[in-house]
Number of protein chains: 4
Amino acid sequence: MASKRRVGILTGGGDCPGLNAAIRATAKTVIPMGYEVIGIRNGWQGLIDDENEILDSVSTSGIIDRGGTILGTSRLSPLRVENGPQRVFDGFRKLGLEALVVLGGEGTLSVTSRLFNSMGLPVIGIPKTIDNDVEETDYAIGFQTAVQIATEALDRLRSTAESHHRVMVLEVMGHHTGWIATYAGMANGADAILIPEIPLDNGRVEELCQMLRDRDKKGKRFSIVVVAEGTELAGKPVLRHGFDITQGENICRIEGLGGIGIVIGEIIEKKTGLETRVSSLGYIQRGGTPVAGDRILATALGVRAAELIQEKKYGEMTALQGSRITSVPLEKIVDGIKTVPLDVYKVAEIFFG
Amino acid sequence: MASKRRVGILTGGGDCPGLNAAIRATAKTVIPMGYEVIGIRNGWQGLIDDENEILDSVSTSGIIDRGGTILGTSRLSPLRVENGPQRVFDGFRKLGLEALVVLGGEGTLSVTSRLFNSMGLPVIGIPKTIDNDVEETDYAIGFQTAVQIATEALDRLRSTAESHHRVMVLEVMGHHTGWIATYAGMANGADAILIPEIPLDNGRVEELCQMLRDRDKKGKRFSIVVVAEGTELAGKPVLRHGFDITQGENICRIEGLGGIGIVIGEIIEKKTGLETRVSSLGYIQRGGTPVAGDRILATALGVRAAELIQEKKYGEMTALQGSRITSVPLEKIVDGIKTVPLDVYKVAEIFFG
Amino acid sequence: MASKRRVGILTGGGDCPGLNAAIRATAKTVIPMGYEVIGIRNGWQGLIDDENEILDSVSTSGIIDRGGTILGTSRLSPLRVENGPQRVFDGFRKLGLEALVVLGGEGTLSVTSRLFNSMGLPVIGIPKTIDNDVEETDYAIGFQTAVQIATEALDRLRSTAESHHRVMVLEVMGHHTGWIATYAGMANGADAILIPEIPLDNGRVEELCQMLRDRDKKGKRFSIVVVAEGTELAGKPVLRHGFDITQGENICRIEGLGGIGIVIGEIIEKKTGLETRVSSLGYIQRGGTPVAGDRILATALGVRAAELIQEKKYGEMTALQGSRITSVPLEKIVDGIKTVPLDVYKVAEIFFG
Amino acid sequence: MASKRRVGILTGGGDCPGLNAAIRATAKTVIPMGYEVIGIRNGWQGLIDDENEILDSVSTSGIIDRGGTILGTSRLSPLRVENGPQRVFDGFRKLGLEALVVLGGEGTLSVTSRLFNSMGLPVIGIPKTIDNDVEETDYAIGFQTAVQIATEALDRLRSTAESHHRVMVLEVMGHHTGWIATYAGMANGADAILIPEIPLDNGRVEELCQMLRDRDKKGKRFSIVVVAEGTELAGKPVLRHGFDITQGENICRIEGLGGIGIVIGEIIEKKTGLETRVSSLGYIQRGGTPVAGDRILATALGVRAAELIQEKKYGEMTALQGSRITSVPLEKIVDGIKTVPLDVYKVAEIFFG
């Protein structure tokens, strides 16, 4: 008697809100198609180490509103493990999988594409990253929640800024792009938004400080500045890990507490004489209950992934393009970074100062 | 000396979150272009009655996160007032306006289109309605916030449903369409979603009850049902205003407390024997702080309206199409209703039962 | 070999946020004392029907922030079941329990007291009810969350009230007392609060309407009115179940959609001519994630219950008195109702009008 | 003709949620008593510089839910200004004030007490501080909101901790005491809470690390650690301002990004080998909309302040003691710090590990 056809699912890279909604959607769509669903634990690691569990309609119920991933995740790349791709392939075969759904950001999905091209691993990718920098999809899972959390934080900072006549700087996530900074800054009505896409040279720093001085003179005695963590200063990255700013030396391995945010806060205070405070949103912006928008996107992308499995259309990434849920070949997103379009940033910029 | 060029703004129809963000965006974009901005109070009423105020950069600051509309609104249509269109035109001229920005739903914008066509009133429309039924734009201002509020309410009902092994019915807004019901239901993972677009005849009611019985038998001892207020039963509207259900008579003018929700709850309880409770979200879903998505949309649409004014491109409605902010002739949306596409509903339907 | 000593826990009556936090606290405190914890399913029903499960440190982890009760609940009273008390006692003995922790409101805890007095059942009560009407404790579990939800709803209604120049009426829970109405009304700055403790006779209705008219004349063109569901009109209860208002007849069994709220809204609109809208918060106010205050209270009361078990001090209810966590004999709360003190209401009243 | 009797209000020290609710309550209670209310801008500064505004029923409406303070605040102490007390007194007389209501934390209220004792300034104090360390009152305004924000942040961190099998450290405010850490940690079910009241010597650090290792061994592959910013390590304060940890040198003036949090995170990761991440909540925990509990407390304390003015009972601080709103002589709180009681901490401690 033939055993059931099997689909595997794994989540790789950093976690984010909406992963569980996508896992649920894929599982609940393929199960009635006759598949058994295997959840691979801790990203690629679980495929190599044979750590997994069956996902049925019970274990995927009641998780649509849960942050993180019930599967666990890791940043391990099989490309950096000895004989990694083969071990992944062996793990895949050992489980008797017909297809593998991979939820990941640009890094994880690039690996996925390579495994498809080199080994013919039958994969489907689903884009997730609060940074929103995966190409070919308007939004990745997790982004909308991160924007909402950052916007609420900025709203809170505004009341303190007003009461104390201060400049408040908030550093948000965004290694290579300023999506969260731009969207949350626009939603809050921030007075300045600094992102990696727009070089922060001395001229621009001076403009920023002049604008803050002008606001103060006009009697607008507070300002909100949002900065993406990956924003470089005068073309140089600011260490994000504890760091001795004066030495440019990384003295501590714990990350998440602001790098460019501190530096820019320091500069503002020195140059303008305006009292300045810095906060860094850190891991708070990537956890917890996803907003409705992320749950709906994750559900739609998960259902599309299930359809691709049924169609045996492998090597694709599900995507949101305009108002359409579609898919694109995974190789189109490899090693690319989707930056914030200048015309979107320009809309936010209208309200600066 | 020439006086300043002037732009008027008004909000008509029901209020919703994000109106202030759009007012702010339009005003803050046109002021630097050299315009003075006049806020018309209480919709068309304020143009007829000459009630208005100057909106400067101070009065439009700090309002991006405020629900409702600082201008006030009313449901008065100039088409139903004696000599209404002419009086609107006179009010417009008296204020020396060059253009008028109208924030409204399908009703208000249809009136706006007619005033443009019949009298040449130089208007720009911006779509807003939590119902999301304005054609030619993917989202109208207010919809995303309503979906988030409804989703959070459904999340809350779920814990009670589980604890008491009940069917919980939530009635949400949606006069002619089921946008909020479909999106919030999908985000919550609801077990059934009833919307005006899908006729609720006896067969479908029976299917619904059978599904609820099946869930109970499978040990899933609770269910969540979302119903849009405009859903008709067996082709007949259910009175939404106090009402004597048995007589079909409207015995009370106060609205907002559930019509079809109560009826469908009654039917479920009678037919299945499952304990059922009904809630109606009412006005809570249309007020308060807008979510980030609505603030960003409102900002982008407001900026686009400002650009149309500068281009003297009147008779247009700003719109979101895919990921583009654009505009369409107002007449394209007159008397139309944008219903929930069947393929979107089908995605939600996968998770029923 | 002696088997482990066992403690049972059950939740009775309506569910509310914070029950799981209390279950967790009691279990995690008694387990290290050497007890095994048995969760009784669905209130007293589970003791009669022998439905239960072992609660260990795994099954009570990760539930502190979950609404409802993982045990399920029911409104069944053993006093209304044939031979109920004996069957409860038999169930208790069959499980080999040493003590039983009962989470309930005034009704469930009164039953608990009677079982203690009549049969010597070794019980500990923990007070929970969003209505907050259990005597001898300042707060019952669930109340603080309900107040927060109702306050947020009122905040949302305020923006619509302002935009439309309306009177907004919100009906909140409170069968016999006006705790939620008073606290949420005070937190929102409501213009009138109607509660069962203050008779709503014709004179008071007239005063209310006059105040609303006065506000309108002063240019305060909106008002917020909060009413507790149990508020009687002219000494008569208003049917809360669908109802034909004109006939005073209960035409429908589905509850939760506003009774006195609709009636008072009708009266206001008729007497003042001010546009009035009514919402009923319904089941939304009793579900979902508990606020920090409820989790802390539930934790402290659960720990105290564990200590009482260790001390074999049965027949007690844990309680918050001032800033002290203590306990009182259960019989002190039997059939009593803790009403809102007049001096608390008077503080809210200062801000009316 | 006699001019109106006048009352002044000022807010000093750091801002927090609920200040506006207290300003509103005091003003709206004394205005009907026949007083005119003068809002002093920016704390004591405004009394010295004669910056103020009339607060009437319009300017104090609609602010109950607003974070920060409409009056502005500053940390200036008149005791550190040349001839400060006399200048305050002159400012007070120039405005023709009969009494002055001061909202402040321990620092501001100690100054207030001294001005009362030395110069007979007729003052009433109202306690506010998210740190909750003012003596003689159970809660100060702002604390409950800070606890709720910190709890929600911990809830969000938990999902990431679980997904990545990490230790997550959150640093919260609390210069001298661990109130926020203890309450939010208890509400979240944190695995360890580090506060200034409990010395963090090497032995305790070792215990903490052992517990984290034990959890990992038991398969609980994540942990949440909350630490109050003022917690000292081995009896030495950790610099909270940018800092070069290795040199113990303060290399940067911008504060708010974690000190002890980073250090303890480093130590945990080194000693246990468990992946550890640190976040610092910073200014986000002190701004924005107050929770219902803070609005109610602020309202009750503001009303009590008004009553004290009417009774001419000066030199008092309003206070919450148990469930009573009362007042105590200001001198009772001078230079004191209310620490977290050991028995409260012990309740939280039960759930560690």
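Keep in mind that what you see is a predicted model, and the values were worked out from it rather than measured. (Residues numbered from 1 in each chain as written. Chains lettered and ligands numbered in written order. Predicted model: local features only at pLDDT ≥ 70, side-chain atom pairs only at ≥ 80, totals over all residues.)

1. Details of the overall build of chain A
For step 1, the next point in the chain: Check the secondary structure of chain A and you find 10 helices and 11 strands.
For step 2, the next point in the chain: Relative to the 2.2 N^0.38 estimate, which gives 20 Å for 353 residues, the radius of gyration of chain A is 22 Å and therefore close to what a compact globule would have.
For step 3, the next point in the chain: Oriented by its inertia axes, the alpha-carbon framework of chain A measures out at about 80 × 40 × 30 Å.
For step 4, the next point in the chain: Classification of the 353 residues of chain A by burial places 64% in the buried group. (Helix = DSSP H or I, 4+ residues; strand = E, 2+ residues; numbered from the N terminus. Rg over C-alpha atoms; globule rule 2.2 N^0.38 Å. Buried ≥ 20, exposed ≤ 12 C-beta atoms within 10 Å, placed from the backbone.)

2. Overview of helix α3 (residues 84-94) of chain A
All names here are of chain A.
For step 1, the next point in the chain: Among the residues making up α3, those that are buried are Val88, Gly91 and Phe92. When α3 is viewed along its axis, its buried side chains cluster within an angular range of 100° and face the same direction. Set apart from the buried face of α3 by more than 90 degrees, the exposed residues are Arg93 and Lys94.
For step 2, the next point in the chain: Residues of α3 that are buried sit in contact with β1 (5-11), α2 (44-48), β4 (97-104) and α4 (106-119). (Arc of directions from axis to C-beta. Contact = placed C-beta atoms within 7 Å.)

3. Points about the relation of the copies chain B and chain A
For step 1, the next point in the chain: Under the fitted operation, chain B is carried onto chain A by 0.0 Å of movement along the axis and a turn of 180°, and the coordinates agree to an RMSD of 0.0 Å. Taken together, these values place the two copies in the relation of a two-fold axis. Considering only C-alpha atoms, the part of chain B nearest the rotation axis is B:Gly322, at 1.6 Å.
For step 2, the next point in the chain: Here 100% of the interface residues in chain B have copies in chain A that are interface residues too; the copies meet face to matching face. (Least-squares fit on C-alpha atoms with pLDDT ≥ 70 in both.)

4. Considerations on the sheet that holds strand β9 (residues 276-280) of chain A
All names here are of chain A.
For step 1, the next point in the chain: Here 4 strands make up an open sheet; going across it, the order is β7-β8-β6-β9 and the pairing parallel. In this open sheet, the two edge strands, each paired with only one partner strand, are β7 (192-194) and β9. Neighbouring strand axes in the sheet, compared pairwise and without regard to direction, differ in orientation by 20° on average.
For step 2, the next point in the chain: Summarising the sheet, β7 and strand β8 (residues 223-228) pair through 3 bridges and their orientation is parallel. Following the sheet pairing, Leu194 is matched in β8 by Val227. (Pairing = 2+ DSSP bridges. Axes fitted to C-alpha atoms, helices over the stretch in contact; angles between N-to-C directions.)

5. Overview of the domain arrangement of chain A
All names here are of chain A.
For step 1, the next point in the chain: Taken domain by domain, chain A consists of domain 1 (5-142 + 290-333) and domain 2 (146-286).
For step 2, the next point in the chain: Here the C-alpha centre of domain 2 lies 34 Å away from the C-alpha centre of domain 1.
For step 3, the next point in the chain: Tallying the contact residues gives 9 residues for domain 1 and 11 residues for domain 2. (Domains from an automatic or database assignment.)

6. Regarding the packing of helix α3 (residues 84-94) of chain C against helix α4 (residues 106-119) of chain C
The relative placement of two packed helices comes down to the angle between their axes together with the axis-to-axis distance.
Residues and elements named next belong to chain C.
For step 1, the next point in the chain: As a packed pair, α3 and α4 sit with axes 11 Å apart at the nearest point and diverge in direction by 80°. Relative to α4, the element α3 is oriented roughly perpendicular. Of the residues in α4, those touching α3 at Pro85, Val88 and Phe89 are Leu115, Ser118 and Met119.
For step 2, the next point in the chain: Counted by class, the contact of α3 with α4 contains 5 nonpolar, 1 polar and no charged residues. (Parallel < 35°, antiparallel > 145°, perpendicular 65-115°, else oblique. Nonpolar A, V, L, I, M, F, W, Y, C, P; charged D, E, K, R; others polar.)

7. Here's the deal with the nonpolar core
Among soluble globular proteins, nonpolar side chains are generally buried collectively.
For step 1, the next point in the chain: In this structure, A:Ile180, B:Ile180, C:Ile180 and D:Ile180 are the most contacted members of the largest nonpolar core, which totals 456 residues.
For step 2, the next point in the chain: If sequence neighbours within four positions are ignored, C:Ile180 has contacts with C:Ile130, C:Ala146, C:Val147, C:Ala150, C:Val172, C:Met173, C:Gly174 and C:Ala228. (Core = buried A, V, L, I, M, F, W, Y, C linked by C-beta atoms within 7 Å.)

8. Side note on the sheet that holds strand β2 (residues 35-40) of chain C
All names here are of chain C.
For step 1, the next point in the chain: Ordered by their spatial adjacency, 7 strands build an open sheet running β3-β2-β1-β4-β5-β10-β11, and the pairing between neighbours is mixed. Where the open sheet ends on each side, the last strands, each with one partner, are β3 (52-55) and β11 (324-329). Shown here is a sheet whose adjacent strand axes are inclined to one another by a mean of 30°, direction ignored.
For step 2, the next point in the chain: Where strand β10 (residues 316-321) and β11 come together, 6 bridges link them in antiparallel fashion. Note on β11: the bridge partner recorded for Thr318 is Ser327.
For step 3, the next point in the chain: Where helix α9 (residues 292-310) meets the sheet, its contacts fall on β1 (5-11), β4 (97-104), β5 (123-127), β10 and β11, and the angle it forms with β5 comes to roughly 170°.

9. Let's talk about the interface of chain B and chain A
For step 1, the next point in the chain: With 28 residues of chain B in contact, the opposing surface of chain A contributes 28 residues.
For step 2, the next point in the chain: Going through the elements one at a time, α1 (19-30), α5 (143-164), α6 (179-188) and α9 (292-310) of chain B are the ones with two or more residues in the side of chain B that touches chain A.
For step 3, the next point in the chain: The greatest single-element share of the side of chain B that touches chain A, amounting to 7 residues, is contributed by α9(B).
For step 4, the next point in the chain: Residue composition of the side of chain B that touches chain A, grouped by class: 14 nonpolar, 9 polar and 5 charged.

10. A few points about unusual backbone geometry
For step 1, the next point in the chain: One non-glycine residue, B:Asn83, lies in the positive phi region at around 60°.
For step 2, the next point in the chain: The exposure class of B:Asn83 is exposed, given the 11 C-beta atoms found within 10 Å.
For step 3, the next point in the chain: Although it is not a glycine, D:His165 adopts a positive phi angle of roughly 55°.
For step 4, the next point in the chain: With respect to the helices and strands, the residue D:His165 is situated in the loop between α5 (143-164) and β6 (167-172).
For step 5, the next point in the chain: Classification of D:His165 by C-beta neighbours within 10 Å gives partly exposed; the count is 17.

11. Overview of the pairing of strand β10 (residues 316-321) of chain B
Residue and element names in this part refer to chain B.
For step 1, the next point in the chain: Taken across its 6 residues, β10 has 5 buried, putting it largely inside the fold.
For step 2, the next point in the chain: One ladder, built from 2 bridges, connects strand β5 (residues 123-127) with β10; its direction is parallel. If you follow Ile124 over to β10, its bridge partner there is Glu316.

12. Details of the arrangement of the chains
For step 1, the next point in the chain: Contacts are most numerous between chains A and D, taken over all 4 pairs of chains that touch.
For step 2, the next point in the chain: With no contact between them, chain A and chain C keep their nearest C-alpha atoms 11 Å apart.
For step 3, the next point in the chain: At their nearest point, the C-alpha atoms of chain B and chain D are still 11 Å apart, with no contact between the two.

13. Some details on the packing of α9(C) against helix α6 (residues 179-188) of chain D
For step 1, the next point in the chain: Relative to each other, α9(C) and α6(D) sit at 80°, their axes nearing to 8 Å. The angle between α9(C) and α6(D) places the two elements in the roughly perpendicular class. When α9(C) is examined against α6(D), the residues C:Ala292, C:Arg295, C:Ile296 and C:Thr299 are found in contact with a partner set consisting of D:Tyr183, D:Ala184, D:Met186 and D:Ala187.
For step 2, the next point in the chain: In the contact of α9(C) with α6(D), the residues fall into 6 nonpolar, 1 polar and 1 charged.

14. A short note on the environment of A:Tyr183
For step 1, the next point in the chain: Looking at where A:Tyr183 falls in the secondary structure, it is placed in helix α6 (residues 179-188).
For step 2, the next point in the chain: Measuring from C-alpha to C-alpha, the distance between A:Tyr183 and A:Val123 comes to 32 Å, with 60 residues separating the pair along the chain.
For step 3, the next point in the chain: For A:Tyr183, the contacting residues outside a window of four places in its chain are A:Val147, B:Ala292 and B:Ile296.

15. Some thoughts on the confidence of the model for chain A
Residue and element names in this part refer to chain A.
For step 1, the next point in the chain: For chain A, per-residue confidence averages 93 on the pLDDT scale, and 94% of positions sit at 70 or higher.
For step 2, the next point in the chain: Per-residue pLDDT stays below 50 along residues 240-256; that stretch engages in 49 contacts with residues further than four places along the chain or on separate chains.
For step 3, the next point in the chain: Taken over the whole predicted complex, pTM reads 0.96, whereas the ipTM for its chain interfaces reads 0.94. (pLDDT = per-residue confidence, 0-100.)

16. Some details on the environment of C:Glu229
For step 1, the next point in the chain: Within the secondary structure layout, C:Glu229 lies in the loop between β8 (223-228) and α8 (260-272).
For step 2, the next point in the chain: In this structure the C-alpha to C-alpha distance between C:Glu229 and C:Leu55, which are 174 residues apart in sequence, comes to 37 Å.

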